[in-house]
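Per-entry structural report
Take a look at the letters that make up each chain.
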Amino acid sequence: MKCSADSEKLLSLYETVNNWQQVQARSEEGVMSYDEYEEQMDNYLNTLEEFEDIGVRKIGEGRDRITFTSGDIVSSPTTSIIKVSKSGGGSQNVEEVELWKQLDEKVRKNVAWLIDWDPKHRWIIQERVSQLSSPSATQAVLEKLEDKGWTCSDVRPENVGKRESTDNKKKRPKEPVLMDLGVGLRRI
């Protein structure tokens, strides 16, 4: 799947996230005053508002990264999201990309597609799927992966989503897929 992305804006988004992470760390260490912290927070929020003007909105945050809608930064055949690494580390992004490279087409049908990524793993562009939070969908994804020789010890209902069938000729029910590749996904 091909896409085009505005690399300057992606880098700016990454820098915005990481600058804010550094501000938070300095604040926790007591290195900055409350007024300075407030000013930096205002700058961060104003920059995020500028991104919202082009359709890039924060939709989730984990320990290692923040997820955004792709807005006008990415042009792709499917709706996509941007996963931005926090605090300069890209370990979770590295892990997802390396796993993606190992998956054959049969397995990739059961996970949200990685569309593009930064060579330094600062960001990933991934197919957007709707979160299901359903134990039965989670079980269905596990069974499909196991049928193809893979297992995942970290599949939680919040990591399973749904997408439309990739078959454009027939309308099929939405298929559950694994949204986060990484911890626990491995060959059997």
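So, here's what we can say about the structure. (Residues numbered from 1 in each chain as written. Predicted model: local features only at pLDDT ≥ 70, side-chain atom pairs only at ≥ 80, totals over all residues. Heavy atoms only, no water.)

**With respect to the sheet that holds strand E8 (residues 130–131)**
Spatial ordering of the open sheet is given by E8-E10-E11, a layout of three strands whose pairing is antiparallel. Whereas interior strands pair on both sides, the edge strands pair on one side only; in this sheet they are E8 and strand E11 (175–178). Direction of pairing for strand E10 (residues 160–163) relative to E11: antiparallel, over a ladder of four bridges. Pairing of Lys162 across the sheet is with Pro176, part of E11. Most of the contacts of helix H5 (residues 135–147) go to E11, to which it runs at about 75°, and overall it touches E10 and E11. (Pairing = 2+ DSSP bridges. Helix = DSSP H or I, 4+ residues; strand = E, 2+ residues; numbered from the N terminus. Contact = heavy atoms within 4.5 Å. Axes fitted to C-alpha atoms, helices over the stretch in contact; angles between N-to-C directions.)

**As for the sheet that holds strand E3 (residues 65–69)**
Strand order across the open sheet formed by five strands is E2-E3-E5-E7-E6, with antiparallel pairing between neighbours. Each end of this open sheet is capped by a strand with a single partner; those strands are strand E2 (58–61) and strand E6 (114–117). The average angle at which neighbouring strand axes cross in this sheet is 25°, direction not considered. Two elements, E6 and strand E7 (residues 123–127), share three bridges in a ladder whose sense is antiparallel. Its bridge partner lying in E7, Trp117 is registered against Ile124. Sheet strands in contact with helix H3 (residues 91–102) are E3, strand E5 (80–85), E6 and E7, and its direction is about 125° off that of E6.

**Some words on the pattern of salt bridges**
Within this structure, the stated rule accounts for 13 salt bridges. Between Glu127 and Arg163 there is a salt bridge; the shortest N-O distance is 2.8 Å. Of this pair, Glu127 sits in strand E7 while Arg163 sits in strand E10; the two residues are 36 residues apart in sequence, bridging distant segments of the chain. Note on accessibility: Glu127 and Arg163 belong to one class, buried. The network of salt bridges with shared partners includes Arg65, Lys83, Glu96 and Asp180. (Salt bridge = Lys/Arg side-chain N within 4 Å of Asp/Glu carboxyl O. Buried < 20%, exposed > 50% of the residue type's maximum accessible area, 1.4 Å probe, protein only.)

**A closer look at the layout of surface pockets**
Of the pockets and cavities examined, the largest pocket occupies roughly 820 Å³. If you go around the largest pocket, you meet 31 residues; those closest to its centre are Arg65, Thr67, Lys83, Asn159 and Asp180. Elements with a minimum of two residues in the lining of the largest pocket: E2, E3, E5, H3, E7 and E8. A class-by-class count of the residues in the lining of the largest pocket yields nine nonpolar, 10 polar and 12 charged. (1 Å grid on protein atoms, 1.4 Å probe; cavity = no way out; pocket = protein on both sides within 12 Å on 5 of 7 lines; lining within 4 Å. Points joined across faces, edges and corners; volume = space filled by probe spheres on them. Nonpolar A, V, L, I, M, F, W, Y, C, P; charged D, E, K, R; others polar.)

**Overview of the pairing of E7**
Among the five residues of E7, five are classified as buried, and the element is accordingly described as predominantly covered. Examined bridge by bridge, E5 and E7 share five bridges and lie antiparallel to one another. Bridge assignment links Val84 to a residue of E7, and that residue is Trp123. Taken together, E6 and the strand that follows it, E7, pair antiparallel across an intervening segment of five residues, in which His121 is found at a positive phi of about 60°.

**Let's talk about the packing of aromatic side chains**
In this structure the tally under the stated criterion is two aromatic pairs. A ring pair is formed by Trp20 and Tyr37, whose centres lie 5.5 Å apart and whose planes are at 35°; its orientation type is tilted. Of this pair, Trp20 sits in helix H1 (residues 7–28) while Tyr37 sits in helix H2 (residues 34–52), placing them 17 residues apart in sequence. Residue classification places Trp20 among the buried positions, given a relative accessible area of 8%. With a centroid separation of 4.8 Å and 10° between ring planes, the pair formed by Trp20 and Tyr44 is classed as stacked. Of this pair, Trp20 sits in helix H1 while Tyr44 sits in helix H2, and the two are 24 residues apart along the sequence. Ring pairing ties together the aromatic residues Trp20, Tyr37 and Tyr44, which thus form one cluster. Stacked on the ring of Trp100, the Lys or Arg Arg108 has its end atom at 4.0 Å from the ring centre. Sitting over the face of the ring of Tyr14, Arg122 holds its NZ or CZ atom 5.7 Å from the ring centroid. (Phe/Tyr/Trp six-rings, centres within 6.5 Å; stacked < 30°, edge-to-face > 60°. Lys NZ or Arg CZ within 6 Å of the ring centre and 35° of its normal.)

Distances and angles like these do not, on their own, reveal function.
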